[in-house]
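# Summary of the model geometry
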Amino acid sequence: MAQQPAASTAGDLLAIAVRIARDAAETARRMRAEAITDVQTKSTDTDVVTAADRAVERQVVEALRRERPDDGVLGEEYGDSAAPAPGAVRWILDPIDGTVNYLYGLPQYAVSLAAEVDGVVLAGVVRNAATGDEWTATRGGGAWRDGRRLTGSARGTLDQALVATGFGYDAARRAHQGTVLAGLITQVRDIRRFGAASLDLCLAAEGAVDAYFEKGLNPWDHAAGGLVATEAGLTVAGLHGEPAGDRMLVAAPPALFGALHDVLAKLDASGGP
Ligand code: IPD
């Protein structure tokens, strides 16, 4: 059984996460390149994505088990392995965030891996598997890309803001999200929908969009990217003082958060199915 240190710093956890996420991203990229032939011959597009999701998740879980046998893992495909003991590390993994982009070969899909202790995310990495772009953060240690510390957008007016969002897979939820979007789009510069929540959060962290919001996210969609955005100085929260979660996640610079929050609250963005 591998030796595990009694305590790990956020930096230790990030180093493990980055190494494992890089290998996982390479598997996702390679499987997609190989799967193109399979899709053409077998026409099983969704199976191919599912196979890649599962293969990448298995690879990550096995790597974590080898290095950190006492930790918990919450993954998108396999669910929670076990409730972590107090003080124990739980890894939160989305093996391929942006699965529809992956299916179509749009270069906006990522491996997202975060380390959490007692419900607090301490370290996270998001790696775009198509491009190799990588964002990292540790709690209190800042958010980084390519050695550059991220600080988010300086924009403070909503009508000048470029706002990213996403939609769930359920039609009834989408109908509500569409209504919210119709109310918001006249009050902002424009809207973007890239298709991978973890990357949306990282884009907001580096100011490539001014803000991001979405209802219905799962922990694996936002654990790592949420820390990147927070450490870049963004406010990451729900509506009406709630924490960010499945009801709503808004990530915006403090100067923009209030205005975006108020419009979304008025549109009942955290309501509906
Ligand atoms: C989805 C993506 C998408 C977001 C959805 C997520 P998946 O994750 O992050 O951008 O709008 O809410 O479920 O299914 O590609 O892992």
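Fair warning: this is a prediction, and the values are worked out from it, not measured in the lab.

## A few points about the pairing of strand β4 (residues 110–117)
- When you tally the buried positions in β4, you get eight out of eight residues, the bulk of the element.
- Residues of β4 alternate between two faces, with Ala110, Ser112, Ala114 and Glu116 on one and Val111, Leu113, Ala115 and Val117 on the opposite face, all of them buried.
- Bridge count for strand β3 (residues 89–97) against β4 is seven bridges, and the pairing is antiparallel. Looking at β4, one finds that Val89 is bridged to Val117.
- Connecting β4 to the antiparallel partner strand β5 (residues 120–128) that follows it, the hairpin turn spans two residues, and Asp118 within it adopts a positive phi of roughly 50°.

## Quick word on the sheet that holds strand β10 (residues 190–192)
- Reading across the sheet, the five strands line up as β10-β9-β11-β13-β12 and stay open at both edges, with mixed pairing between neighbours. Because the sheet does not close on itself, it has two edges, and the strands there are β10 and β12 (235–237). Each strand axis lies, on average, 15° off the axis of its neighbour in the sheet, ignoring direction.
- Across three bridges, the pairing between strand β9 (residues 162–165) and strand β11 (residues 211–214) is parallel. Directly across from Ala164, in β11, lies its bridge partner Tyr212.
- Packing of helix α7 (residues 254–266) onto the sheet brings it into contact with β11, β12 and β13 (249–252), and relative to β13 it is tilted by some 145°.

## With respect to the packing of aromatic side chains
- Enumeration according to the criterion identifies one aromatic pair in this entry.
- Aromatic side chains Tyr102 and Tyr109 sit 4.8 Å apart centroid to centroid with 85° between the ring planes, which places their arrangement in the edge-to-face category.

## Some details on the site of the ligand
- Around the ligand sit 16 residues in total, of which Asp97, Gly98, Thr99, Tyr169 and Glu214 are the nearest.
- Take Asp94: an N or O atom from its side chain is 3.3 Å from an oxygen atom of the ligand.
- A distance of 2.9 Å separates an oxygen atom of the ligand from a polar side-chain atom of Arg193.
- Under a 2 Å grid-point criterion requiring more than half of the atoms, the pocket assigned to the ligand is the largest pocket.
- If you tally residues by element for the shell around the ligand, the top one is β3, at three residues.
- Class assignment of the residues belonging to the shell around the ligand gives a composition of six nonpolar, four polar and six charged.

## A short note on the nonpolar core
- One finds Val126, Trp135, Leu150, Tyr212 and Val228 to be the most contacted residues of the largest nonpolar core, which totals 33 residues.
- Looking at this core, the elements with two or more residues in it are β4, β5, β6 (134–138), β9, α5 (197–205), α6 (219–231) and β13.
- Look past the residues within four positions of Val126 in its chain and what remains in contact with it is Ala110, Val111, Ser112, Asp133, Glu134, Trp135, Ser198, Leu199, Cys202, Ala224 and Gly225.
- If you look at the next biggest cluster of nonpolar residues, it comprises 30 residues, including Ala17, Leu64, Leu93 and Leu113.

## Side note on the layout of surface pockets
- Approximately 520 Å³ is the volume attributed to the largest pocket.
- Taken together, 27 residues make up the lining of the largest pocket; nearest its centre are Asp97, Phe167, Tyr169, Glu214 and Asp221.
- Every element with two or more residues in the lining of the largest pocket is listed here: β3, α3 (99–104), α4 (171–184) and α6.
- Broken down by element, the lining of the largest pocket gets its largest block of residues, four residues, from α3.
- Residue composition of the lining of the largest pocket, by class: ten nonpolar, seven polar and ten charged.
- If you go around the second largest pocket, you meet 16 residues; those closest to its centre are Gly119, Val121, His222, Ala223 and Ala244.
- Elements with a contribution of two residues or more to the lining of the second largest pocket: β3, β5 and α6.
- Per-class residue counts for the lining of the second largest pocket are nine nonpolar, four polar and three charged.

## Regarding the pattern of salt bridges
- For the structure shown, the criterion picks out 14 salt bridges.
- Glu116 is the salt-bridge partner of Arg90, the closest N and O atoms lying 3.1 Å from each other. Taken as a pair, Arg90 in strand β3 and Glu116 in strand β4 lie far apart in primary sequence, 26 residues in all.
- The structure contains a network of salt bridges with shared partners spanning Asp133, Arg145, Asp146, Arg148 and Glu206.

## With respect to empty space enclosed by the protein
- Tallied over the entire structure, the rule returns one cavity of 30 Å³ or more.
- Of the pockets and cavities examined, the largest cavity occupies roughly 70 Å³.
- Taken together, Thr165, Gly166, Phe167, His176, Gln177, Val180, Leu181, Phe213, Lys215, Met248 and Ala269 form the lining of the largest cavity.
- The element that contributes the greatest number of residues to the lining of the largest cavity is α4, accounting for four residues.
- Partitioning the lining of the largest cavity into residue classes produces six nonpolar, four polar and one charged.

Conventions adopted
- Sequence order as written defines residue numbering, which begins from 1 separately in each chain.
- With the structure being a predicted model, the display of local features is reserved for residues of pLDDT at least 70 and the display and counting of side-chain atom pairs for 80 or more, all residues being used for whole-chain, interface and lining totals.
- Side-chain figures throughout are based on the complete set of non-hydrogen atoms in the structure, without hydrogens or water.
- Buried, partly exposed and exposed residues are distinguished by accessible area as a fraction of the type maximum, computed with a 1.4 Å probe on protein chains only: under 20%, between the cut-offs, and over 50%, respectively.
- Strands are runs of DSSP state E lasting at least 2 residues, helices are runs of H or I lasting at least 4, and numbering of each runs from the N terminus.
- One bridge is not enough; two strands pair if DSSP finds at least two bridges between them.
- Angles here are taken between N-to-C directions and fall from 0 to 180 degrees, while the axes themselves are lines fitted to C-alpha atoms, restricted in helices to the stretch in contact.
- Any two residues whose heavy atoms approach within 4.5 Å are treated as being in contact.
- Here a pair means two rings of Phe, Tyr or Trp (six-membered ring of Trp) with centres within 6.5 Å. Their orientation is stacked below 30 degrees between planes, edge-to-face above 60, and tilted elsewhere.
- If even one non-hydrogen atom of a residue comes within 4 Å of a molecule or strand, that residue is called near it.
- For this analysis, a polar contact is any N or O atom pair within 3.5 Å, provided that within protein one partner can donate a hydrogen and the other can accept it, and provided that sequence-adjacent residues contribute only side-chain to side-chain pairs.
- Put simply, the grid is 1 Å and covers the protein atoms alone, a cavity is a trapped set of points that fit a 1.4 Å probe, a pocket is an open set with protein on both sides within 12 Å along at least five of seven lines, and lining residues have an atom within 4 Å of a point.
- Each molecule is checked against the cavity or pocket grid, and it sits inside if more than half of its atoms lie within 2 Å of the grid points.
- Only Asp, Glu, Lys and Arg are considered charged in this grouping, and only Ala, Val, Leu, Ile, Met, Phe, Trp, Tyr, Cys and Pro are considered nonpolar; every other residue, Gly among them, is considered polar.
- Take the buried Ala, Val, Leu, Ile, Met, Phe, Trp, Tyr and Cys residues and link them wherever side-chain atoms come within 4.5 Å; each set so joined is a nonpolar core.
- Grid points are joined across faces, edges and corners, and a volume is the space filled by probe spheres set on the points.
- Every case where a carboxyl oxygen of Asp or Glu lies within 4 Å of a side-chain nitrogen of Lys or Arg is listed as a salt bridge.

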